[in-house]
Amino acid sequence: MDSTAGEIAVIDVEDPKALPKWWTEADLEALLARNAVRELKEDRHHADTRPDSAFTDASLRTRDRRWEVLQTYLQDPSTAVSLMRPTGRGQGIREINERFGVARDRVYAWLRQYWQRGQTVNALLPNYQRCGAPGEERVPGDKKLGRPRTLSASEPEHGGMNVTMEMRDLIAHGAKRFWGKKVDGRTLSKREAYQRTLETFFNDGYKLEEGVRVPQLKEDLPTFRQFRYWLDKSLEKGKTTKNRSSTSHYALNNRAVLGSTAHLSRGPADLFLIDATVGDIYLVSSINPQYVVGRPVIYLVIDHFSRMIVGFYVGFEGPSWLGAMMALENAFTEEVSFCEKYGIEIREKDWPCSVYPQAITADRGEMVGYASDQLVPAFNMRVTNTPPFRADFKSLVERQFGITTKRGIERRPGWVDKMKERGGPDYRLDATFDIQSFTQLMIELILFNNQSRRIGGPVPKDYPLNPDREPTPLSVWNWGMETFPGLGRQMDRRQVRINLLPRKTARASRRGLVVHSCQLHYESATAKAAGWFEENTGRKKKKVEVSYDPRDVSSVFLRRESDGDIEECPLTPADQKHFEGKTLDEVHDYHERRRNTRHRGQVQRLQDEAALNARIGALTEKTEQRNKELRATVTPTVNGIRDTRKIERDQLRKSQAFTGGDDKQEPEKEQRNDEYIPFPS
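Right, let's walk through the structure included here.

With a phi angle near 60°, N35 is a residue other than glycine that sits in the positive phi range. With respect to the helices and strands, N35 occurs in the loop between α1 (25-33) and α2 (57-74). The phi angle at N380 is positive, at roughly 55°, despite the residue not being glycine.

See below:
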């Protein structure tokens, strides 16, 4: 803009031969008024404003060389305006040509580029990115494109060949068929896809060899590099990656991750995440440390909002509801007494987690089924499960397993060394931790995690950052409990345990409350008072829901309908004799063994019964034959049956008396005759 003349210099930014023109302010206002000229918010022709580190050294050298030639004339306002006017432009360009030896047409091009791109130093950057016609496919001719082969120097006949349009189409078909999707249920490598493409599309027919059709490949074949180049150009990468993998694998490993899970929880105890893994360490028996008992199952329960580990469980219950139940019981109740059992003293504020949440997220393992369904009514919470193979839906707890292994388990005695040399010592024999000491180790790791581990990711909105201390899960939990009260709810330990226990329908019978398919019977004062155990009362047998612990069937828990209190119902005395203190698996095993024993002895039992029936039949036949012979001469009578019974009894007593010694002579039997002597009447 020339303020002395009241004129404004303008230039067409899209004309490759444009030069500045001068308009008056009145001309510009008139053009704006009739919309012949409009103001743009963004200038797509403006010079690149990125820092010098974003450009190549060659581009920077070219820019600096151009600026070195023009800066004397462009930094002086009078000469800069003179170069924009036709009257002074020619003289200025001749002076530059004579002083620096730069051709005048090149000076014109530099000045035009400087004016069209915003009159900054970076406006003089070269357009190297446009060199070589990027994005345009070359039309191959007779000369081989690309780098010549090393072999072509000594053997010109092996100089290679250009890929024609027909070959491109065949490569595209082969790439789509053998690389763009699974083949016979598996994904092929590019080398395998290349071989399959040659066999299918680049053959001169087939030859029968030993009854097998073998493709005869052509002489002129595309190389693997050519195949790979045109494969990448012909296939859409995102779609190909999705087709080559399963939906869950693509979603877990390849999809764009642009969102966040921060919106899933409103504060502490709003959402808990639970998951289990097999620990990478071998433990020894707490009964006899000489024996290795295997790897423990570790459950972690994490608060989504604060990243706080609110509960855990270590044991040998393979990922199941029992393990999850123990972890949830630990998360829902206070931790001071729990740590005290393992010889670790803490204060309430060191691990202030004794509430149950509004919702729980698990991974379709132990939290799918009837046992977990009871969490909804018992605790008034939501239970959600992630899709299969989608660990990213609960990445917090998944990552915590890795942190726990790295910090507390790795390099410990019995650690699973996955890089162990073949033939090396067995790391399982190095195990020294038992379940008790390993639980102590986990408590120490959790206390460190909650109190000292900094939160690496973003913290909740409005969290007051302390310049002297980085945020930790414990500090975020405490701040959140004050800022968002009422999300976590409390329940006494006994109530929590009963609500977490699995439930069964019990049926009242004369022998007690019948629970489980193994027919365990339990007493109940409530049931007895209500007459549930009585027969023939004209009422249907009562069915109620009871909670049970499969680790000990000694009692079940009945929630009374009248007042909601919990009644503990012990086994009946008849069942206590066999099943007191037994696990449910042991009871089922007992009945299974009884059934197996019965089945194994069934053939012998049937054989013995057959022998018994035969002997009884023979004896019966003998007595019937005797009666038949007797009835041929006399008629049976029941007269005088009492006196006859007395005579028979007296004779039997004399013959069975213990006096007289073992050598007592048997009374001689009367010789039988056919004369009938009637009994006295």
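On to the environment of L465, then. As for its placement among the helices and strands, L465 is situated in the loop between α16 (435-452) and α17 (473-483). Look at L465 and you get exposed, because its relative accessible area is 59%. Not counting the four nearest positions on each side in its chain, L465 is found in contact with V459 and P471.

With that out of the way, let us pick up the packing of aromatic side chains. The final tally for this structure, using the stated rule, is 16 aromatic pairs. Aromatic side chains F305 and F484 sit 5.8 Å apart centroid to centroid with 75° between the ring planes, which places their arrangement in the edge-to-face category. A residue pair is termed long-range when its members are at least 10 positions apart, and F305 in the loop between β8 (297-303) and β9 (309-315) and F484 in the loop between α17 and α18 (493-500) qualify at 179 residues. For F305, a relative accessible area of 9% puts it in the buried group. On the basis of relative accessibility, which here comes to 30%, the residue F484 falls in the partly exposed class. Taken together through their ring pairs, the aromatic side chains of F305, Y463, W479 and F484 make up a single cluster. A cation sits over an aromatic face here: R85 above W22, 4.0 Å from the ring centre. In this structure, R191 packs its charged tip against the face of F224, placed 3.9 Å from the ring centre.

It is worth spelling out helix α4 (residues 86-100) at this point. Taking 1.5 Å per residue as the helical rise, α4 with its 15 residues ought to reach 21 Å, and the 22 Å between its terminal C-alpha atoms agrees with that figure. Positive backbone phi, at 70°, marks G101, one or two positions downstream of α4.

Spatially, the six strands line up as an open sheet ordered β14-β13-β12-β15-β16-β17, and their pairing is antiparallel. Of all strands in the sheet, those bounded by a partner on one side alone are β14 (520-522) and β17 (566-570). For this sheet, the mean inter-axis angle between neighbouring strands, taken without regard to orientation, is 40°. Inspection of the sheet shows strand β16 (residues 552-559) paired to β17 by five bridges, in the antiparallel sense. Residue pairing across strands places F557 opposite E568, the latter belonging to β17. Across the sheet, α18 touches β12 (503-509), β15 (543-549), β16 and β17, and the angle it forms with β16 is around 100°.

Here the focus is the sheet that holds strand β11 (residues 382-385). Strand order in the open sheet formed by five strands is β9-β8-β5-β10-β11, and the pairing between neighbours is mixed. The outermost strands of the open sheet, each flanked by one partner alone, are β9 and β11. Each strand of the sheet is rotated relative to its neighbour by a mean of 20°, with strand direction disregarded. As paired strands, strand β5 (residues 271-278) and β8 are joined by seven bridges and run antiparallel to one another. The residue bridging A276 from the neighbouring strand is Y299, located in β8.

If you look at the biggest cluster of nonpolar residues, it comprises 60 residues, and the most contacted ones within it are I274, F312, L328, F332, W351, F379 and F438. Tallying contributions element by element places helix α11 (residues 321-332) first for this core, with eight residues.

Right, let's get into a positive patch on the surface. A cluster of basic side chains, namely R147, R191, R225 and R228, defines a positive patch on the protein surface. Among the residues examined, R147 registers a relative accessible area of 56% and is labelled exposed.

Another aspect to go through is the packing of helix α6 (residues 165-178) against helix α8 (residues 224-234). For the pair α6 and α8, the least separation of the axes is 9 Å and the interaxial angle reads 75°. Between α6 and α8, the angle is such that the two are roughly perpendicular. Between α6, through R168, I171, A172 and A175, and α8, the contact on the second element is made entirely by F227, W230, L231 and S234. Of the residues that constitute the contact of α6 with α8, the class distribution is six nonpolar, one polar and one charged.

For I403, the location among the structural elements is in helix α15 (residues 395-409). I403 gets classed as buried once you look at its relative accessible area, which sits at 14%. Residues I403 and L445, spaced 42 residues apart in sequence, show a C-alpha to C-alpha distance of 9.7 Å.

Along the chain, the position of T333 falls in the loop between α11 and α12 (336-341). At 2.6 Å, the side chain of T333 and the backbone oxygen of E329 are in polar contact. Of the polar contacts made by the side chain of T333, one reaches the side chain of R493; its length is 3.1 Å. Among residues more than four places away in sequence, those in contact with T333 are C353, S354, R493 and V496.

Quick notes on the rules
- Residues numbered from 1 in each chain as written.
- Predicted model: local features only at pLDDT ≥ 70, side-chain atom pairs only at ≥ 80, totals over all residues.
- Heavy atoms only, no water.
- Helix = DSSP H or I, 4+ residues; strand = E, 2+ residues; numbered from the N terminus.
- Buried < 20%, exposed > 50% of the residue type's maximum accessible area, 1.4 Å probe, protein only.
- Contact = heavy atoms within 4.5 Å.
- Phe/Tyr/Trp six-rings, centres within 6.5 Å; stacked < 30°, edge-to-face > 60°.
- Lys NZ or Arg CZ within 6 Å of the ring centre and 35° of its normal.
- Expected span 1.5 Å × (residues − 1).
- Pairing = 2+ DSSP bridges.
- Axes fitted to C-alpha atoms, helices over the stretch in contact; angles between N-to-C directions.
- Core = buried A, V, L, I, M, F, W, Y, C linked by side-chain atoms within 4.5 Å.
- Patch = residues over 30% accessible without salt bridge, like charges linked within 9 Å, V, L, I, M, F, W, Y side chains within 5 Å.
- Areas by Shrake-Rupley, 256 points an atom, 1.4 Å probe, with all protein chains shown as cover.
- Salt bridge = Lys/Arg side-chain N within 4 Å of Asp/Glu carboxyl O.
- Lys, Arg positive; Asp, Glu negative; His and termini not counted.
- Charge placed at Lys NZ, Arg CZ, Asp CG, Glu CD.
- Parallel < 35°, antiparallel > 145°, perpendicular 65-115°, else oblique.
- Nonpolar A, V, L, I, M, F, W, Y, C, P; charged D, E, K, R; others polar.
- Polar contact = N/O pair within 3.5 Å; in protein donor to acceptor, adjacent residues only side chain to side chain.

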